[in-house]
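What follows is each chain in one-letter form.
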Amino acid sequence: MSGKLTLISSATASGSSSIEFTSGIDDSFDEYVFYFVDINPATDNTDFVFLGSSNGGTDYGVDKVTTSWRAKHTESASTSFGYVTGYDHPLDGTEKQWLAYGVGSDSDESTAGIFHIFNPSSAYVKHFYSRFNVYSASIETTDLFIAGYWNTTSVIDAVQFKMISGNFDGVIQMYGIS
Amino acid sequence: MSDDWKLLDTSTPSGASSVEFTDLTGFKIFKFVFIDVNPATDNVKFQFNGSDDASSHTYDITKTTTYFDAQHKQDGNYGALNYKTNHDLAQSTGYQSLGYELGNGSDECLAGELHLFNPASTYVKHFYYVGNYYQNTEYTLNPYVAGYFNTTSAITALNFKMDSGNFDGVIKQYGLVAS
């Protein structure tokens, strides 16, 4: 495996309620990675989330189970580190999964990170993980890690990204890794 | 538009006090890969900082960061995962450590990857790092560092150095997502 990236799709959100990738997620690659740059919500203190689809984006209710943990440091030097319940999902988690939470909406506040999906056409469950850094509305940096799997043997062929409240700006690019 | 990571620059410090990368344009994501980084002085920190100067760079950008690491000693003891409050920064213009207590033995070194997101952005500039190094009392240490340059000015250059003495190694700069 070379680790070479192939750009499949690029999206620029500008006051967008969501960004969907409904093509290009198939058996062409064993691994996909999304890069997120300057993700800035219109609503303060909101969460950036994703959902998966097995029918090309007709609906996004694929069951998943996830973990969430982070390191946090405020600009006034208060720290927090460890597993975070409430931003993970049990097996009945057919709703959104957080990638970044508490994102600030000010003109200098944003989040950035990566999101990997492994073999979305697998006959096994489909694993994913992410790492984001967040400038949050409570004026702190958060180094946030999410991982888990879509608990389905069906394909994952579409992914949606959005804020849980309001619109957002930013750039999202999807690559295949070969 | 670039498909893959593009190699932009390679620095091979040999007894160098610091390494600068002064072109952070043309891409929205940069990756710096550190290979065989070996200090001349034992028990030192490997650090970086940013500049917003157009030239004659001063490295003094305000940052808020997190730092945690996993550790394990060669004798099989002291396996642990800990947040390190003495290696993070809160609105500091000082250098951010990517490792501490580095060993300078002939077989001791550091390796890792630092991602920097959109240094030309009008938002803060996010970064994160993961690496591994040979600590000077025979540990392996696996640090995770992240944070943001708290400025709306463009970050124009990065500087890497030990907090004391010179170092050898290879540092490669890559770009992704052409801007």
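Structure first, text after, so check above.
A. Quick look at the overall build of chain A. Looking only at helices and strands, chain A has zero helices and 13 strands in total. Starting at the N terminus, the α and β elements of chain A follow one another as β-β-β-β-β-β-β-β-β-β-β-β-β. Whereas a compact globule of 178 residues would reach a radius of gyration of roughly 16 Å, chain A reaches 16 Å, a difference of no more than 12%. C-alpha extents for chain A along the principal axes are approximately 45 × 35 × 30 Å. By residue count, 56% of the 178 residues in chain A fall in the buried class. In chain A, 75% of the contacts between residues at least 6 apart in sequence involve partners at least 24 apart. Surface summary for chain A: the accessible area is close to 6500 Å², and the carbon and sulfur share equals 47%. On chain A, the mean spot of the 8 positive side-chain charges and the mean spot of the 21 negative ones are 4 Å from each other.

B. Representation of the sheet that holds strand β12 (residues 158-163) of chain A within the structure. All names here are of chain A. Pairing in this open sheet of four strands is antiparallel, and the strands run β2-β12-β4-β8 from one edge to the other. The open sheet is flanked by β2 (18-21) and β8 (97-103), the only strands paired with a single partner. Taking the axes of each pair of neighbouring strands and ignoring which way they run, one obtains an average angle of 15° across the sheet. Across four bridges, β2 lies against β12 in antiparallel orientation. Across the sheet, Ile 19 pairs through a bridge with Phe 161, a residue of β12.

Rules of the game
Residues numbered from 1 in each chain as written. Chains lettered and ligands numbered in written order. Predicted model: local features only at pLDDT ≥ 70, side-chain atom pairs only at ≥ 80, totals over all residues. Heavy atoms only, no water. Helix = DSSP H or I, 4+ residues; strand = E, 2+ residues; numbered from the N terminus. Rg over C-alpha atoms; globule rule 2.2 N^0.38 Å. Buried < 20%, exposed > 50% of the residue type's maximum accessible area, 1.4 Å probe, protein only. Contact = heavy atoms within 4.5 Å. Areas by Shrake-Rupley, 256 points an atom, 1.4 Å probe, with all protein chains shown as cover. Lys, Arg positive; Asp, Glu negative; His and termini not counted. Charge placed at Lys NZ, Arg CZ, Asp CG, Glu CD. Pairing = 2+ DSSP bridges. Axes fitted to C-alpha atoms, helices over the stretch in contact; angles between N-to-C directions.

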